[in-house]
Amino acid sequence: MASIVQRKGKYCVVYLYTNDEGKRKQKWETYKTYEEAKKRRTEVEYREQVGKLVMPKCATMEDLVREFIANYGKNKWALSTYESNVGILEHYVIPQIGKMKLKDITPRMLERFYQSLLTTPAVRKCTDKKYAKYSRTVAPETIKRVHKLLHSCFNQAVRWELVDRNPVTYATPPESQLKEREIWTVETLDKALSLCEDPRLKLAINLAFSCSLRIGELLGLTWDCIDISEKSIQDGEAHVLINKELIRVSRDAMKELDGKGVIFAFPVAVENGTTQLVLKKPKTVSSTRKVFLPKTVAKMLVQWKIDQNQTKAALGDEYHDYDLVLASPFGTPLERNVIARAFRELIEKNDLPKVVFHSLRHSSITYKLKWNGGDIKAVQGDSGHAQAKMVTDQYSHILDDDRRTNAQLLEDVFYNHKEPPHSMRRNDSGASGADAEMIAKLLGDPQTAQLLRALLDKIS
């Protein structure tokens with residue numbers, strides 16, 4: 001039987017296996033979390049029961065990739081990630097280096113492989129289970145994903161004692177230039193909202209901007225996760241709870257992963273279709289979050305709920321009620337391309353700066369950072385980024401604005417001997433005007449003054 005042992009903050013699965021020579025050996029596998037270790041222990045015990053507990057025999061890169069997908073990817077990756085990662089491995093790794101022996105995979109060979117990908121036509125999914133080649137070649141950003149996947153793949157190979165070291169660690173993928181995100185200014189956003197005649201799109205834009213939502217999170221919102229009671233709005237407590245997202249996934253991937261992370265699967269429109277719309281859990285723990293609503297947006301939702309209830313009453317049984325906030329006129333879930341198309345039409349009709357719908361999330365994060373003085377943790381709570389560093393890496397240019405202000409303050413006050421701004425001025429006692437006013441108020445209260453004197457006596 002397999003057991004789990006905790007060691008140095010990590011979890012080890014310990015079990016016996018039969019090697020190629022028929023000898024029984026002990027194996028230790030290390031995992032970061034107890035849940036990962038528990039899944040592996042279950043798998044080991046199942047294989048013991050059916051008499052199939054053998055270590056993987058991987059001679060070629062393709063053998064390793066297949067084993068990596070089966071034993072690591074299925075347990076670790078979310079549905080959409082699984083489909084994407086398998087696609088990358090199937091289209092870019094296996095055709096190019098799949099036949100190579102593991103012992104021949106070196107850092108130098110990998111760097112040549114990465115360079116060859118730069119001249120390889122990229123692949124895109126055009127219809128269900130069909131792929132076509134782009135006229136453009138594989139982008140450096142995609143090659144970095146290949147590099148990351150291979151690094152994880154060989155880490156598992158080291159754990160499985162198939163190789164002694166990870167060759168990907170010493171290989172360097174091509175540099176990629178991060179393009180600056182095009183976003184709307186608040187002036188443009190205000191203009192767009194005043195010109196928008198589609199009430200559903202107008203609500204979607206307001207929610208995306210005020211709550212920093214991804215489009216899947218927006219389309220996955222349900223009324224049971226929204227608090228817009230009169231008291232909540234009055235107290236400034238109205239909020240949305242983001243705890244799921246709407247995505248279209250491969251039905252094969254759902255079957256492979258036993259519907260992992262799926263909260264609800266919507267009925268398929270075409271019985272022999274290969275994809276399906278689902279509500280699934282967010283990818284990371286930090287993506288589950290509560291975001292407070294501006295009162296104006298909360299009141300928009302109140303009116304939207306009233307209008308939606310009237311539609312339900314008018315349509316009766318023809319309305320498919322999935323409790324979705326943003327739904328089709330008949331209650332069915334909206335595809336993201338419906339919102340994207342309506343947004344694009346708004347831009348083209350009114351000659352607005354061309355951006356994609358997702359840029360509203362970036363506008364939201366940008367202006368929240370500007371308006372709250374660079375409070376990264378507060379913005380991270382709204383955006384659902386896993387780490388504050390992800391916010392600073394992507395939006396450092398906003399923080400640069402504050403740093404430029406610091407430089408200007410030093411120039412004015414220290415080097416040019418100008419009066420500091422009113423908020424920085426201090427009185428003769430060294431306290432700011434606001435501080436001095438507060439101290440005077442405290443000392444004006446006899447009980448507070450007595451308490452302060454007692455504390456001073458103890459200190460002295």
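For the structure itself, look to the data block above.
A brief report on the enclosed structure follows.

**Remarks on the overall build of the protein chain**
A tally of regular secondary structure across the protein chain gives 17 helices and 11 strands. By residue count, 40% of the 460 residues in the protein chain fall in the buried class. Considering only residue pairs separated by 6 or more positions, the protein chain has 61% of its internal contacts joining residues 24 or more positions apart. Total accessible area computed for the protein chain in this model is approximately 27500 Å², and 52% of it derives from carbon and sulfur atoms.

**Quick word on the packing of helix α6 (residues 186–195) against helix α7 (residues 199–211)**
Running from N to C, α6 and α7 point in directions that differ by 155°, and their axes come no closer than 10 Å. Accordingly, the angle class assigned to the pair α6 and α7 is roughly antiparallel. As α6 packs across α7, the resulting crossing turns out to be left-handed. Facing Val186, Leu189 and Leu193 of α6, the residues of α7 in contact are Lys202, Ile205, Asn206 and Phe209. Residue classes in the contact of α6 with α7 are distributed as 5 nonpolar, 1 polar and 1 charged.

**Remarks on the pattern of salt bridges**
What the rule picks out here adds up to 15 salt bridges. A salt bridge links Arg40 to Glu29; the shortest N-O distance between them is 2.7 Å. Residue Arg40 is found in helix α1 (residues 34–50), and its partner Glu29 is found in strand β3 (residues 24–31); the two are separated by 11 residues along the sequence. Across the pair Lys99 and Glu62 runs a salt bridge, and its minimum N-O distance is 3.5 Å. On the criterion of sequence distance, the pair formed by Lys99 in the loop between α3 (79–97) and α4 (107–117) and Glu62 in helix α2 (residues 61–76) is long-range, its members being 37 residues apart.

**What to know about the environment of Lys103**
As for its position among the elements, Lys103 is in the loop between α3 and α4. Along the backbone, Lys103 and Thr60 are 43 residues apart, and their C-alpha atoms lie at a distance of 8.6 Å.

**Side note on the sheet that holds strand β6 (residues 226–227)**
The strand order β6-β7-β11 describes an open sheet built from 3 strands, whose pairing is antiparallel. Strand pairing shows two members of the sheet lacking a second neighbour, β6 and β11 (289–292), which therefore form its edges.

**Some thoughts on the sheet that holds strand β10 (residues 275–280)**
Across the sheet, which stays open at both edges, the 3 strands sit in the order β8-β10-β9 with antiparallel pairing between neighbours. This sheet does not close on itself; its edge strands, each paired only once, are β8 (245–250) and β9 (262–265). In this sheet, adjacent strand axes meet at a mean angle of 40° when their direction is disregarded. Pairing of β9 with β10 involves 3 bridges; the strand directions are antiparallel. Counterpart to Ala265 in the pairing with β10 is Val278.

**Some details on the side chain of Lys280**
Residue placement: Lys280 occurs in strand β10. Using a relative accessible area of 2% as the deciding quantity, one classes Lys280 as buried. Once residues within four sequence positions are removed from consideration, Lys280 is found in contact with Asn243, Lys244, Glu245, Ile247, Gly261, Val262 and Ile263.

**A word on the nonpolar core**
Judged by nonpolar contacts, the single largest core of 50 residues is most densely connected at Leu207, Leu293 and Phe357. Of all the secondary-structure elements, those providing two or more residues to this core are α6, α7, α8 (215–219), β7 (239–242), β10, α11 (295–315) and α12 (336–350). Looking at which element gives the most residues to this core, the answer is α7, with 8 residues. Those residues within four positions of Phe357 in sequence are excluded, and the remaining contacts are Leu201, Ala204, Ile205, Ala208, Ile215, Leu218, Ile339 and Phe343. Leu79, Ile94, Phe113 and Leu150 belong to the second-largest nonpolar core, a separate cluster that totals 43 residues.

What counts, and where the lines are drawn
Residues numbered from 1 in each chain as written. Predicted model: local features only at pLDDT ≥ 70, side-chain atom pairs only at ≥ 80, totals over all residues. Heavy atoms only, no water. Helix = DSSP H or I, 4+ residues; strand = E, 2+ residues; numbered from the N terminus. Buried < 20%, exposed > 50% of the residue type's maximum accessible area, 1.4 Å probe, protein only. Contact = heavy atoms within 4.5 Å. Areas by Shrake-Rupley, 256 points an atom, 1.4 Å probe, with all protein chains shown as cover. Axes fitted to C-alpha atoms, helices over the stretch in contact; angles between N-to-C directions. Parallel < 35°, antiparallel > 145°, perpendicular 65-115°, else oblique. Left-handed = near helix turned anticlockwise from the far one by under 90°. Nonpolar A, V, L, I, M, F, W, Y, C, P; charged D, E, K, R; others polar. Salt bridge = Lys/Arg side-chain N within 4 Å of Asp/Glu carboxyl O. Pairing = 2+ DSSP bridges. Core = buried A, V, L, I, M, F, W, Y, C linked by side-chain atoms within 4.5 Å.

So far we have only geometry, and geometry alone does not tell us how the molecule works.
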